[in-house]
Every structure is written in C-alpha cells, then in structure tokens.
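Observations on chain architecture
So the chains spell out like this:
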Amino acid sequence: MLKKTQGIVLQSIKYSETSIICRIFTRDFGLQSYLVKGVRTAKPSAKGPLFRPLNVLDLIVYRKESKNLQHLKEYKVAYLYQALPFDIVKSSIALFMIEVLSKVLKEEEVDEELYAFANHSLVSLDVLEHVDPNFHLYFLLELSKYLGFIPSGDFAPPYEFFDLREGNFVMGPAIHGYQVGLPYSQYIAILVNGESTLSISSKERNIILDYLLQYYAFHLPDFGGIKSHKILHEVLGK
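Figured I'd write up the structure that's included with this text.

1. Some details on the pattern of salt bridges
Where charged atoms of side chains with opposite charge meet at close range, the side chains can pair. If you walk through the whole model with that rule in mind, you get 5 salt bridges. For glutamate 17, the salt bridge is made with lysine 14, and the minimal N-O distance between the two is 3.7 Å. Both residues of the pair, glutamate 17 and lysine 14, count as exposed. A salt bridge links aspartate 28 to arginine 27; the nearest nitrogen and oxygen atoms lie 3.0 Å apart.

2. Quick word on the side chain of glutamate 99
Tracing the backbone shows glutamate 99 in helix α1 (residues 88-104). It turns out glutamate 99 is buried and unbridged, and the closest side chain with the opposite charge, lysine 103, is 5.1 Å from it. From its side chain, glutamate 99 meets the backbone nitrogen of lysine 227 in a polar contact 2.9 Å long. Beyond its immediate chain neighbours, meaning those up to four positions away, glutamate 99 contacts Gly225, Ile226, Lys227 and Ser228.

3. Focus: the sheet that holds strand β6 (residues 161-163)
Strand order across the open sheet formed by 3 strands is β7-β6-β8, with antiparallel pairing between neighbours. Lying at the two open borders of the sheet, with one neighbouring strand each, are β7 (168-170) and β8 (179-180). Pairing between β6 and β7: 3 bridges, direction antiparallel. In the sheet register, aspartate 163 faces β7, and the bridge partner there is asparagine 168.

4. Considerations on the environment of proline 133
Position of proline 133 among the secondary structure elements: in the loop between α2 (112-127) and α3 (135-147). Judged by relative accessible area, which is 32%, proline 133 ranks as partly exposed. Residues proline 133 and valine 89, spaced 44 residues apart in sequence, show a C-alpha to C-alpha distance of 8.6 Å.

Conventions used here
Residues numbered from 1 in each chain as written. Predicted model: local features only at pLDDT ≥ 70, side-chain atom pairs only at ≥ 80, totals over all residues. Heavy atoms only, no water. Salt bridge = Lys/Arg side-chain N within 4 Å of Asp/Glu carboxyl O. Buried < 20%, exposed > 50% of the residue type's maximum accessible area, 1.4 Å probe, protein only. Helix = DSSP H or I, 4+ residues; strand = E, 2+ residues; numbered from the N terminus. Lys, Arg positive; Asp, Glu negative; His and termini not counted. Polar contact = N/O pair within 3.5 Å; in protein donor to acceptor, adjacent residues only side chain to side chain. Contact = heavy atoms within 4.5 Å. Pairing = 2+ DSSP bridges.

This is the structure we're talking about:
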C-alpha cells in the first residue's frame, strides 16, 4: 500500500554497490528503515546526497506493517537548507541533535508532535541570523518534555539542588550523590523556563551539557554514549 509522509534522515549505511539502508524519522510512521536502491552511483544525477543525515524529505513509501525493512517509491527534498550545511556552528549543533534523536527514538513509535518539534528545531536553526550558543541545551530540555521526563518542581531556596535521578529540585545533596548544585542547578532552571538571556561561559555550557546527557542516561537506559558533544565542546568553546 502506498502512503505519503515526510521524514528526517538520521542515518544512511551502504547496503550494496548501488543501494543504501536509510533510517528516517517519519511524521506518520515513527522511526523507519528503508531500502533505497540505485542511489550509489557516480552519475551527476545520483540521488544519494538526498539521504545525508539532517535532510528533510517528502516521501511516498510502500507500507507493509509486517516488514521491518520498508521500501521507497518516490522522494524529494521537503526543505532546502540555506545556511546550516555551510556554518560550522549550526551544522555541529544539528548533527548533535540528530545523534540524540537517533538514540531516543523507538522503532515505529508514532509521535507527530515530536516530529513537528524536531522538524521545527532544525528549520529554526537554519534560518537564525545569530545562533544562541545554548541552542542545543534548550533542545535537550524541550525534547525531554516529549519523552516524558522534563525537570519538574521550582528552583527556589532551599530547593537549590537538581536531582538527576529523580528529575526535580531538592533541598540538599541527595544520598545517592547524583545531583547538580549551584550555580548549575539554577542555570538548568533558567533553561527549563525557556529564558533566552542566559549568559554563561563556554566551560559552564559544557558542564551543563554533560549534566544533561547524564540526566538522559538515567531516564533512558538504552541511551548510550554521545560522540558529537565533544565536537560541540570544541566549536562552541572558540
């Protein structure tokens, strides 16, 4: 059965001399794996570059519920990036976002609101004239809302510690030791509230990122390690 959808390319791997298997976060079917034939050629008209991570595509797919590996009938660019591929800061943040999405998405778990958020985040990053160096931190915290574990409670004396395991602000150091103290707990509270005026150093930003990745690991047992955050440390630290 043919179905129309849209999707964000997360990963492409070589399957044969001319084909690839592409993991795509689709709007209507969740995370899907597609076999794409005939795109790995040396011809100028080859469509392999369409399936690079980050690309947003309009798709017509052959939909079979019983199959883990689906097939594409037609595909074209749904949104053409203007700046993101050519800007080291934007592209580094975007690749980090894609890696995180690849870790947190479950096969065929449909969430149109999460898809809309991911799509909007990438497009917004592309069109921004000046990129907030905290963009990826806001992304992680907003994404945690869709995943069901956004930090809860209010930061206010004496609740000045953020408990990474429980996901809320507490009065004192937790017995288990997995908590964030001042000033980083306050920074997290500001980020959760969506305030865009947080001015912090690159070192502080990196520490917050490491805390948030640890937070994700507590709440998503299969989250695993993230590699692209090391690139962010370098790019945003300049």
